[in-house]
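# Report on the structure
So you can see what is in the structure, the chains are spelled out below.
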Protein chains: 2
Amino acid sequence: MEDKLLKDLFLGFIKVHILHHAAKERIYGQEFSEELQRHGYQISYGTLYPLFHKLEETGYLISANENVHGKVRRYYSITANGKKILEKAKLQAKELVGELYEG
Amino acid sequence: MEDKLLKDLFLGFIKVHILHHAAKERIYGQEFSEELQRHGYQISYGTLYPLFHKLEETGYLISANENVHGKVRRYYSITANGKKILEKAKLQAKELVGELYEG
DNA sequence: GAATATAATATCGTATTTCGATATTGTAAA
DNA sequence: TTTACAATATCGAAATACGATATTATATTC
């Protein structure tokens, strides 16, 4: 990440994007991290996994372990509350970006 | 702030908005904080002032003290480097929001 | 069927960030 | 020369982020 300011901006978004992806399909840490990297972003596993835990603890995600080729994956799906807060966050994000471009 | 997730999103944006406002006109802490509150956001002075310091230290802002009615204000203006990073941040923010709304 | 390999998750100690509260600054007015 | 006060600065505690390391659980190998 080129600059700390851009990273901070991204970190604020990351939680929203987790919910966004989990609303479309089940996600798990390793894959989610790799997809971020494909888009040029990066987040430490020491940040990502605790983030998942916190989002589940708060009731926005729900998880279930699954064995895939002998390896354990913890898949996360969004909850009803998660969907609600995601919609709010999307509106807020749009509004904040809008302010940057108006005028 | 209703929810921590929304707050985190906002906190990522706040640094960009500081630069955004400082690019339009000189800003100072007290006034900036009040304007945020008018828009329904909030940030502690214990966060805001160190943030200004860091942005100046990094070379994105430059400040000058001024006496207004016997009170000292530290006005911040954006620098050339600040403008550069602001443009990058605006693009990144737009892209990240765009992803939330596509499809 | 015991040992090994491996994808993935979990956690550890350290450094940084955020917070509310308190202290400090500098000048105008009393 | 004291007092008042807007504004900035800083403090200690709590939360977050990081890279590195440990743990988990099953397939595979011998």
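Predicted, not measured: the structure shown is a model, and the values here were computed from it.

So, how was this worked out
Residues numbered from 1 in each chain as written. Chains lettered and ligands numbered in written order. Predicted model: local features only at pLDDT ≥ 70, side-chain atom pairs only at ≥ 80, totals over all residues. Heavy atoms only, no water. Near = heavy atom within 4 Å. Polar contact = N/O pair within 3.5 Å; in protein donor to acceptor, adjacent residues only side chain to side chain. Helix = DSSP H or I, 4+ residues; strand = E, 2+ residues; numbered from the N terminus. Nonpolar A, V, L, I, M, F, W, Y, C, P; charged D, E, K, R; others polar. Pairing = 2+ DSSP bridges. Contact = heavy atoms within 4.5 Å. Phe/Tyr/Trp six-rings, centres within 6.5 Å; stacked < 30°, edge-to-face > 60°. Buried < 20%, exposed > 50% of the residue type's maximum accessible area, 1.4 Å probe, protein only.

## Looking at the protein's contact with DNA strand C
As a matter of local geometry, DNA strand C sits amid 25 residues, with A:K4, A:Y49, A:H53, B:K7 and B:T47 nearest to it. At the protein interface, 69% of the atoms of DNA strand C within 4 Å belong to sugar or phosphate. Take A:G29: an N or O atom from its main chain is 3.5 Å from a phosphate oxygen of DNA strand C. Of all the elements in the fold, those that place two or more residues in the surface near DNA strand C are α2 (29-38), α3 (45-58) and β2 (71-78) of chain A together with α1 (4-24), α3 (45-58) and β2 (71-78) of chain B. Per-class residue counts for the surface near DNA strand C are 7 nonpolar, 10 polar and 8 charged.

## Some words on the pairing of strand β1 (residues 61-68) of chain B
Residues and elements named next belong to chain B. Both β1 and β2 contribute to a ladder of 8 bridges, which runs antiparallel. The partner of E66 across the bridge, within β2, is R73. Two successive antiparallel strands, β1 and β2, enclose a turn made up of 2 residues, where H69 displays a positive phi of approximately 55°.

## Observations regarding the environment of A:Y60
Tracing the chain through its elements places A:Y60 in the loop between α3 and β1 (61-68). Put simply, A:Y60 and A:L19 are 41 residues apart on the chain and 7.7 Å apart in space, counted from C-alpha to C-alpha. The contacts of A:Y60, once residues within four sequence positions are left out, are A:L19, A:L55, A:S77, A:I78, A:T79, A:N81, A:G82, A:I85, B:D3 and B:L5. Within the structure, A:Y60 has its side chain in polar contact with the side chain of B:D3 (distance 2.3 Å).

## Digging into the packing of aromatic side chains
Inspection of every chain in the model, using the stated rule, returns 11 aromatic pairs over all chains. A centroid spacing of 4.7 Å and a plane angle of 5° characterise the contact between A:F10 and A:Y41, whose relative ring orientation is stacked. Taken together, the positions of A:F10 in helix α1 (residues 4-24) and A:Y41 in the loop between α2 and α3 put the pair 31 residues apart, joining distant regions of the chain. Accessibility expressed as a relative area gives 2% for A:F10, which makes it buried. Summarising the aromatic geometry, the rings of B:Y45 and B:Y49 are spaced 5.6 Å apart at their centres and angled 20° between planes, so their arrangement reads as stacked. Of this pair, B:Y45 and B:Y49 both sit in helix α3, separated by 4 residues, roughly a single helical turn. Judged by its relative accessible area of 32%, B:Y45 is partly exposed. The exposure class of B:Y49 is partly exposed, given its relative accessible area of 32%. Within the aromatic cluster, the residues linked to one another by ring pairs are A:F32, A:F52 and A:Y76.

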